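Here's the letter readout for the chains.
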Amino acid sequence: MQMIKKWWFTALLTVLLTLVSISHGSFAGYPLAALLWADFFAWAVIGFSGLYACTLTGSDRKQVFAWLLRFAQLADRVPLRWYHRVFIAVVMWTAGWKLAAFAGLHAVFYRRMIRSELERAAA
């Protein structure tokens, strides 16, 4: 009974059940794929808005970067580290959701590249 109360057991069981159900043609992968795509689109919007903000000058530029940093902090509310996100993408890749996994990995790397830039620009 103690093992069932551990978080890693629940996480492992969830991953295994998801992998089995995804690989056998059920619809269990769609919510996870939608979350990966939403993460990708959120960071793409932040990135392209940051590129647009570079064309602004003065206080407008700082204001836009401050708003983008707030939006990035909102996008970071999910308490997953980069290696958790990579693991989820690998699980999706092995289950046959290659494009969703690629979008998830792209969001992880995009976030790591642009995070320090946003903090420096908003300061």
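Look above for the structure.
A quick note: this is a predicted structure, and the numbers were derived from the prediction, not measured.

Caption draft 1: Inspection of helix α2 (residues 29–53) at higher detail. In this model, α2 (25 residues) spans 36 Å end to end at C-alpha, consistent with the 36 Å of a helix rising 1.5 Å per residue. If you check which residues of α2 are buried, you get G29, A33, L36, D39, F40, A42, W43, A44, I46, G47, G50 and A53.

Caption draft 2: Representation of the packing of α2 against helix α3 (residues 58–75) in the model. Where α2 meets α3, the closest approach of the two axes is 10 Å, and the angle between their N-to-C directions is 170 degrees. Taken as axis vectors, α2 and α3 run roughly antiparallel relative to one another. The segment α2 lies against α3, with A42, W43, I46, S49, G50 and A53 engaging R61, V64, F65, L68, F71, A72 and A75. Of the residues contributing to the contact of α2 with α3, the split by class is 10 nonpolar, 2 polar and 1 charged.

Caption draft 3: Up close: the side chain of R85. Tracing the backbone shows R85 in helix α4 (residues 82–94). Reaching out from R85, the side chain makes a polar contact with the side chain of D39 at a distance of 3.1 Å. Apart from residues lying up to four places away in sequence, R85 is in contact with D39, V78, L80, V108 and R111.

Caption draft 4: Structural detail: the packing of aromatic side chains. All told, the structure shown has 4 aromatic pairs when counted by the stated rule. Geometrically, the ring pair formed by W37 and F41 is tilted, given 5.8 Å between the ring centres and 35 degrees between the ring planes. One end of the pair is W37 and the other is F41, both in helix α2 and 4 residues apart, which spans about a single turn. The interplanar angle of 80 degrees and the centroid separation of 5.7 Å between the aromatic rings of W82 and Y83 together place this pair among those described as edge-to-face. Relative accessible area serves as the criterion here: at 44%, Y83 is assigned to the partly exposed category. Taken together through their ring pairs, the aromatic side chains of W37, F40 and F41 make up a single cluster. A cation sits over an aromatic face here: R70 above W67, 4.8 Å from the ring centre.

Calculation notes
- Within every chain, residues take consecutive numbers counted from 1 along the sequence as written.
- Predicted model: local features are reported for residues with pLDDT of at least 70 only, side-chain atom pairs are reported and counted for 80 or more only, and whole-chain, interface and lining totals are derived from all residues.
- Each side-chain value is derived from all of the structure's non-hydrogen atoms; neither hydrogens nor water enter the calculation.
- Think of it this way: any DSSP run of H or I at least four residues long counts as a helix, any run of E at least two long counts as a strand, and we number them from the N terminus.
- In this scheme, a helix's expected span is set at 1.5 Å multiplied by one less than its residue total.
- For every residue, the accessible area (1.4 Å probe, protein chains only) is compared with the maximum for its type, and the residue is labelled buried under 20%, exposed over 50%, or partly exposed between those bounds.
- Axes here refer to lines fitted to C-alpha atoms; in helices the fit is confined to the stretch in contact. Angles between the N-to-C directions go from 0 to 180 degrees.
- Geometric relationships in this document are graded by angle, where less than 35 degrees denotes roughly parallel, more than 145 denotes roughly antiparallel, 65 to 115 denotes roughly perpendicular, and other angles denote oblique.
- Every residue pair with non-hydrogen atoms within 4.5 Å of one another is taken to be in contact.
- Residue polarity is assigned by list, with Asp, Glu, Lys and Arg as charged and Ala, Val, Leu, Ile, Met, Phe, Trp, Tyr, Cys and Pro as nonpolar; anything else, Gly included, falls into the polar class.
- In the analysis that follows, any N or O atom pair within 3.5 Å is treated as a polar contact, provided that within protein one partner can donate a hydrogen and the other can accept it, and provided that, for residues neighboring in sequence, both atoms belong to side chains.
- Classification of ring pairs rests on two measures: the distance between centres of Phe, Tyr or Trp rings, Trp counted by its six-membered ring, which must be within 6.5 Å, and the angle between planes, read as stacked under 30 degrees, edge-to-face over 60 and tilted in between.
- Charge-over-ring placement is defined geometrically: NZ (Lys) or CZ (Arg) within 6 Å of the ring centre, and within 35 degrees of the ring normal.

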